[in-house]
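Now for the letters of each chain:
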Amino acid sequence: MSSREVVALSVGGVRFVTRASTLRRFPESRLARMLSEDDEEFKLVDGEFFVDRDGALFAYILDFLRTLQVSLPADFSDLERLRREAEFYQLHPLADLLGQEHLLKPWPEILEVRFFLRETQAFFRIFGSCSTTVERLAEQITVFTAQRWSSPFPSQQPLVPLPSERPSHHDLVFQCGTERAAGDQLVARYVSIKPDTRKLINGVNVLGLLVDTFLKDGFRLVSTRTVSSEEKVECYSFERLQRPAGLAVAVSQTPASSGAAQGKRSHTQKGK
């Protein structure tokens, strides 16, 4: 049995297939010993190990064995149950990491949009608590400009993309609409927000598309307010829960441990 390269398990009725080497990642765990020892909790039925435990939580157990990281969804609420499962399988490094709840708890990510209209122009300023999100928005949002002649025969030059305006790593500013230039020329600015392919010049339409983009990306609108009554600056605040990218455990191979996890651990967190 210990020579099997591929192992199938049925955990609570959910089937998993993995390498034997993955299950042996921590030799002292019950999953590693299962392959070479008899254990009443692990029944071999028709070539598959049957385990009467939670199959949905075992997916996180197996992911940890494969990656040596704990990566959980932002809305995950079963930390204590998952820790009990880790203790059942005697995966003590995982149980130890799951005990560090202050590192695993989700934290709120904030986006704020300030928007105001001035005659035929609309101005936007986006602030984000996560610079990675603002960077991604800068890649999604493109402002195009062109000159237009208003008389006697309206015409327009080809649209030219403008570089992003980033006052800081946490800010993005842009505008759309038209403003008068020399003579009868108008400078027009259009906004496109990927994956939408439209190029919009109306500020209210751009705001609507921007809000829709945030909502589809997991944010929720938490407040709206008027910041400046004179300029009628509107402020829209959005929030979503983010979980740390992962807790990682370092494994060192020593004769004494035979690959068992040592005390060194690292905490990795992206986008802050």
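The coordinates are above.
Residues numbered from 1 in each chain as written. Predicted model: local features only at pLDDT ≥ 70, side-chain atom pairs only at ≥ 80, totals over all residues. Heavy atoms only, no water.

1. Brief notes about the overall build of the protein chain
Okay, so step 1: For the protein chain, the helix and strand inventory stands at eight helices and 16 strands.
Okay, so step 2: When burial is assessed residue by residue, the protein chain has 41% of its 272 residues classed as buried.
Okay, so step 3: The long-range fraction of contacts in the protein chain, counting pairs at least 24 apart against all pairs at least 6 apart in sequence, stands at 60%.
Okay, so step 4: Counting only carbon and sulfur atoms, one obtains 50% of the accessible surface of the protein chain, whose full area is about 14900 Å². (Helix = DSSP H or I, 4+ residues; strand = E, 2+ residues; numbered from the N terminus. Buried < 20%, exposed > 50% of the residue type's maximum accessible area, 1.4 Å probe, protein only. Contact = heavy atoms within 4.5 Å. Areas by Shrake-Rupley, 256 points an atom, 1.4 Å probe, with all protein chains shown as cover.)

2. Digging into the environment of Phe64
Okay, so step 1: Inspection of the secondary structure puts Phe64 in helix α3 (residues 55–67).
Okay, so step 2: A relative accessible area of 1% means that Phe64 is categorised as buried.

3. A look at the pattern of salt bridges
Okay, so step 1: Tallied over the entire structure, the rule returns 17 salt bridges.
Okay, so step 2: We note a salt bridge from Glu112 to Arg225, for which the minimum N-O separation is 3.5 Å. With Glu112 in strand β6 (residues 107–118) and Arg225 in strand β13 (residues 220–228), this residue pair connects regions lying 113 residues apart in the sequence.
Okay, so step 3: For Glu112, a relative accessible area of 17% puts it in the buried group.
Okay, so step 4: A salt bridge links Arg136 to Asp217; the nearest nitrogen and oxygen atoms lie 3.7 Å apart. Pair noted here: Arg136 is in helix α7 (residues 131–140) and Asp217 is in the loop between α8 (203–216) and β13, with a separation of 81 residues, a long-range link. (Salt bridge = Lys/Arg side-chain N within 4 Å of Asp/Glu carboxyl O.)

4. Quick word on the packing of α3 against helix α4 (residues 79–88)
Okay, so step 1: At a minimum axis distance of 10 Å, the contact between α3 and α4 shows a crossing angle of 65°. Accordingly, the angle class assigned to the pair α3 and α4 is roughly perpendicular. Seen from above, α3 lies across α4 with right-handed handedness. Residues Leu57, Tyr60 and Ile61 of α3 pack against Arg81, Leu82, Glu85 and Ala86 of α4.
Okay, so step 2: Its residues placed into classes, the contact of α3 with α4 shows five nonpolar, no polar and two charged. (Axes fitted to C-alpha atoms, helices over the stretch in contact; angles between N-to-C directions. Parallel < 35°, antiparallel > 145°, perpendicular 65-115°, else oblique. Left-handed = near helix turned anticlockwise from the far one by under 90°. Nonpolar A, V, L, I, M, F, W, Y, C, P; charged D, E, K, R; others polar.)

5. Quick word on the side chain of Thr22
Okay, so step 1: With respect to the helices and strands, the residue Thr22 is situated in helix α1 (residues 20–23).
Okay, so step 2: Residue contacts for Thr22: discarding those within four places in its chain leaves Leu62, Leu65 and Arg66.

6. Some words on the side chain of Arg30
Okay, so step 1: Examined against the element boundaries, Arg30 turns out to sit in helix α2 (residues 30–34).
Okay, so step 2: A relative accessible area of 13% places Arg30 in the buried class.

7. Structural notes on the nonpolar core
Across soluble globular proteins, nonpolar side chains have a tendency to be buried as a group.
Okay, so step 1: Within the largest apolar cluster, 33 residues are counted, with the highest numbers of intra-cluster contacts made by Leu9, Leu23, Leu31, Phe58, Ile61 and Tyr89.
Okay, so step 2: Every element with two or more residues in this core is listed here: β1 (6–11), α1, α2, β4 (48–51), α3, α4 and α5 (92–98).
Okay, so step 3: Here this core takes six residues from α3, the largest share from any one element.
Okay, so step 4: Core analysis: the second largest hydrophobic core is formed by 25 residues, Val134, Val191, Leu200 and Leu207 among them. (Core = buried A, V, L, I, M, F, W, Y, C linked by side-chain atoms within 4.5 Å.)

8. Topic: the pairing of β6
Okay, so step 1: Two strands pair when backbone bridges link them, and β6 and strand β14 (residues 233–242) are joined in this way by nine bridges, in the antiparallel orientation. Paired with Phe115 across the two strands is Glu234, which belongs to β14.
Okay, so step 2: Between β6 and strand β7 (residues 121–128), which pair antiparallel one after the other, the connecting turn spans two residues, and Glu119 there sits at a positive phi close to 55°. (Pairing = 2+ DSSP bridges.)

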